[in-house]
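Okay, here's what each chain looks like letter by letter:
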Amino acid sequence: MNGYNFAYLDEQTKRMIRRALLKAVAIPGYQVPFGGREMPMPYGWGTGGVQLTASILGADDILKVIDQGADDTTNAVSIRHFFQRVAGVETTTATTAADVIQTRHRIPETPLRSGQILVFQVPIPEPLRFIEPSEQETRLMHALEEYGVMHVKLYEDIARYGHIATTYAYPVKVDGRYVMDPSPIPKFDNPKLDGNPALMLFGAGREKRLYAIPPYTRVESLDFEDHPFEIQRWEHSCALCGSDHSYLDEVITDDKGGRMFVCSDTDYCQTRRGEVA
Amino acid sequence: MNLSWPALDDTVHDSQRLFRQVLGAMSEPGTVHELVVPTPPAQPQKPLLGAALWGALLSLCDLDTTIWIGAELDSPALREALTFHTGARITDDPASADFALLTHASFDPRTPFAVGSDTYPDRGTTLLVAVERLENDSNGNTKGERDGQSGWRLSGPGIAESRVLDIGDGAGCRALMTRLAGNRASFPQGLDAIFGCGARLAAIPRSTRIASAEARVDSREVN
């Protein structure tokens, strides 16, 4: 596209983000501050993820963008178009064909492979923020590995509801050191963070933080011995593909209480339907 | 003078490609990557910098970075080339360097490179080390037993089980690997290292556990 550098960002910004990414990979789970740029879309629309994708994307890469698992929702479509225009890269909806996958709030159901990069859009990167509003304090808590309050928060769930009621952005510990916010993915996806062969990068545009989980890294969801971590389960199967092991969205189909459960990962659902048909 | 120090043919796409290889090396420690970069000139009476490290410098450094250069590599030509091609500042203070350029032979563990702080561990120096050998065990040699060569068994993030990396067995190599193994004790503070041997590049970030390959084989036999 005329008038813009490849992938929108200027080269010096990309280098700054690339240097920060190397540090993020070297210190898994630690939030590296970076000079976030203003992007041609509002905060909350994935400006952090977009800046990371712009910094790593090459002309030969095949890009996939998902929003809540779907390739065809507003956020996914607009970001995919953005990179088609400013980088001219090939895009795909197939998880297996993609080199770089930018995601909002899901990890694809299809297992990722070595060499793929998953870029998460992160609204609030600090897992301790709702417990401690001061950045200085949370930074110190990370430095001292003082994570007791996070367990207290989960315990308060148990005291109030009888079980851990946190269902998304469920805190994890990366390589036994940093407590990290996995972005608002459902806790259903947390087990996929552990030992994943793909590189996972997280970008928060408004908060100007990025962090990473290298491939094959130990990632544990915080829990208690007597209240072990559990993922969501459904009594239904996907109404379209019949999957009984994927993350399901409940869709209201009429105003008479009609509803159906369908896979939130559209590519996975379509692939399954294609195989069955 | 500077014409003999090559630039990237295509600044935008070459630096992206090189960065992705460096990122691959850093996220999967001990993997060896072949970088396609024009080779920098040999300097009289100086060890070779190698194409891989030159490529890493060209793709990562700019006006915002400072580089410390070890005495054995330092020369007016290199300083001039780095300033000309990247605009990076050259510093004599290792503690304020973002990148440090050195060779395995001259590594001195007492050099006070920046290791970051507990609150900002990312503010540490990345070592760019020219080595004479860079091999890993991916081509069938699994136990680091190749002709008595010394390897180092790496494990941790980025490594499924373990991986053996051999950077040579000089005293400098041992001092360097011992220093990098010490990263675990000071984590999250520490040094991250990128190795270059000709056009080949590998990395060991501070998150990697390092043991001598022989020691690990022994302990396995005991178990």
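Residues numbered from 1 in each chain as written. Chains lettered and ligands numbered in written order. Predicted model: local features only at pLDDT ≥ 70, side-chain atom pairs only at ≥ 80, totals over all residues. Heavy atoms only, no water.

## Focus on the overall build of chain A
Within chain A, the regular secondary structure consists of seven helices and 12 strands. Against the compact-globule benchmark of 19 Å for 277 residues, chain A has a radius of gyration of 19 Å, which places it among compact chains. By principal-axis analysis of the C-alpha atoms, chain A measures approximately 60 × 55 × 35 Å. Every one of the 277 residues in chain A was classed for burial, and the buried ones make up 57%. Look at the contacts in chain A between residues 6 or more apart in sequence, and 60% of them connect residues 24 or more apart. Total accessible area on chain A is roughly 11,700 Å²; 50% of this is exposed by carbon and sulfur atoms. Across chain A, the centroid of the 29 positively charged side chains sits 5 Å from that of the 38 negatively charged ones. (Helix = DSSP H or I, 4+ residues; strand = E, 2+ residues; numbered from the N terminus. Rg over C-alpha atoms; globule rule 2.2 N^0.38 Å. Buried < 20%, exposed > 50% of the residue type's maximum accessible area, 1.4 Å probe, protein only. Contact = heavy atoms within 4.5 Å. Areas by Shrake-Rupley, 256 points an atom, 1.4 Å probe, with all protein chains shown as cover. Lys, Arg positive; Asp, Glu negative; His and termini not counted. Charge placed at Lys NZ, Arg CZ, Asp CG, Glu CD.)

## Brief notes about the overall build of chain B
From N to C terminus, chain B includes six helices and 11 strands. The buried share of chain B, reckoned over its 223 residues, is 57%. Long-range contacts, defined here as pairs at least 24 residues apart, represent 69% of the contacts in chain B between residues at least 6 apart. Carbon and sulfur atoms make up 51% of the accessible area of chain B, which amounts to about 9,000 Å² in all.

## Let's talk about the pairing of strand β2 (residues 62-67) of chain A
Residues and elements named next belong to chain A. Where burial is concerned, most of β2 is hidden: six out of the six residues are buried. What you see with β2 is no split at all: I62, K64 and I66 on one side and L63, V65 and D67 on the other are buried throughout. Where β2 and strand β3 (residues 90-91) come together, two bridges link them in parallel fashion. Residue L63 lies in a different strand from β3, and its bridge partner there is T91. Read as a crossover between parallel neighbours, the route from β2 over helix α3 (residues 74-87) to β3 is right-handed. Two strands pair when backbone bridges link them, and β2 and strand β4 (residues 100-104) are joined in this way by five bridges, in the parallel orientation. The residue of β4 that forms the bridge with D67 is R104. (Pairing = 2+ DSSP bridges. Right-handed = clockwise from strand over helix to strand, strands pointing away.)

## Some thoughts on the pairing of strand β10 (residues 200-204) of chain B
Each regular strand shows side chains that alternate between the opposite faces of the sheet. Residues and elements named next belong to chain B. Burial runs high along β10: four of the five residues are buried. Here strand β1 (residues 33-34) runs beside β10; their pairing, made up of two bridges, is antiparallel. Looking across to β10, one finds that E34 is bridged to R200. Of the pairings in the sheet, the one linking strand β9 (residues 192-197) to β10 comprises five bridges and is antiparallel in character. What sits directly across from A193, in β10, is I204. In this antiparallel pair of consecutive strands, β9 and β10, the connection spans two residues, and G198 shows a positive phi of 60°.

## Topic: the packing of helix α1 (residues 11-26) of chain A against helix α2 (residues 47-56) of chain A
Residues and elements named next belong to chain A. Put simply, α1 and α2 touch, their axes get as near as 9 Å, and they point 95° apart. In this view, α1 runs roughly perpendicular relative to α2, as classed from their interaxial angle. From α1, K14, I17, R18 and L21 reach across to α2, where they touch Q51, L52, A54, S55 and I56. The class makeup of the residues in the contact of α1 with α2 is five nonpolar, two polar and two charged. (Axes fitted to C-alpha atoms, helices over the stretch in contact; angles between N-to-C directions. Parallel < 35°, antiparallel > 145°, perpendicular 65-115°, else oblique. Nonpolar A, V, L, I, M, F, W, Y, C, P; charged D, E, K, R; others polar.)

## Re the interface of chain B and chain A
Every contact between the two is made by 41 residues of chain B and, on the other side, 39 residues of chain A. With both chains or domains summed, chain B and chain A bury close to 3,200 Å², and 62% of this area falls on carbon and sulfur atoms. It is F19, R20 and D122 of chain B in chain B that bury the most area against chain A; as a group they hold 17% of the surface buried on that side. At the boundary of chain B and chain A, one finds five salt bridges. (Buried area = accessible area lost by both parts, 1.4 Å probe. Salt bridge = Lys/Arg side-chain N within 4 Å of Asp/Glu carboxyl O.)

## Here we look at the packing of aromatic side chains
Scanning the model with the defined rule gives 12 aromatic pairs over all chains in all. Centre to centre, the rings of Y170 of chain A and F229 of chain A are 4.9 Å apart; their planes meet at 70°, and the pair counts as edge-to-face. Of this pair, Y170 of chain A sits in the loop between α5 (148-161) and β6 (172-174) while F229 of chain A sits in the loop between β10 (219-221) and β11 (248-252), and the two are 59 residues apart along the sequence. By relative accessible area, Y170 of chain A is classed as buried at 1%. Grouped by ring-pair contacts, the aromatic residues Y4, Y8, F82 and F83 of chain A constitute a single cluster. For R123 of chain B, the ring lying beneath its charged end belongs to Y120 of chain B, and the centroid distance is 3.8 Å. When the ring centre of F187 of chain B is taken as origin, the NZ or CZ atom of R184 of chain B, which lies over that ring, is 4.9 Å away. (Phe/Tyr/Trp six-rings, centres within 6.5 Å; stacked < 30°, edge-to-face > 60°. Lys NZ or Arg CZ within 6 Å of the ring centre and 35° of its normal.)

## Structural notes on the domain arrangement of chain A
Residues and elements named next belong to chain A. Once the domains are mapped, chain A shows domain 1 (11-221) and domain 2 (234-277). On a C-alpha basis, the centroid separation for the pair domain 1 and domain 2 is 26 Å. Taken together, the 15 residues of domain 1 in the interface contact nine residues of domain 2. When domain 1 packs against domain 2, the two sides together hide about 900 Å² of surface, and 50% of this comes from carbon and sulfur. When the buried surface of domain 1 facing domain 2 is broken down by residue, R106, E109 and F188 rank first, second and third, together holding 45% of it. Where domain 1 meets domain 2, there are zero salt bridges. In this assembly, domain 1 and domain 2 are joined by seven residue pairs in polar contact (both at pLDDT 80 or more). Residue classes in the side of domain 1 that touches domain 2 are distributed as five nonpolar, five polar and five charged. (Domains from an automatic or database assignment. Polar contact = N/O pair within 3.5 Å; in protein donor to acceptor, adjacent residues only side chain to side chain.)

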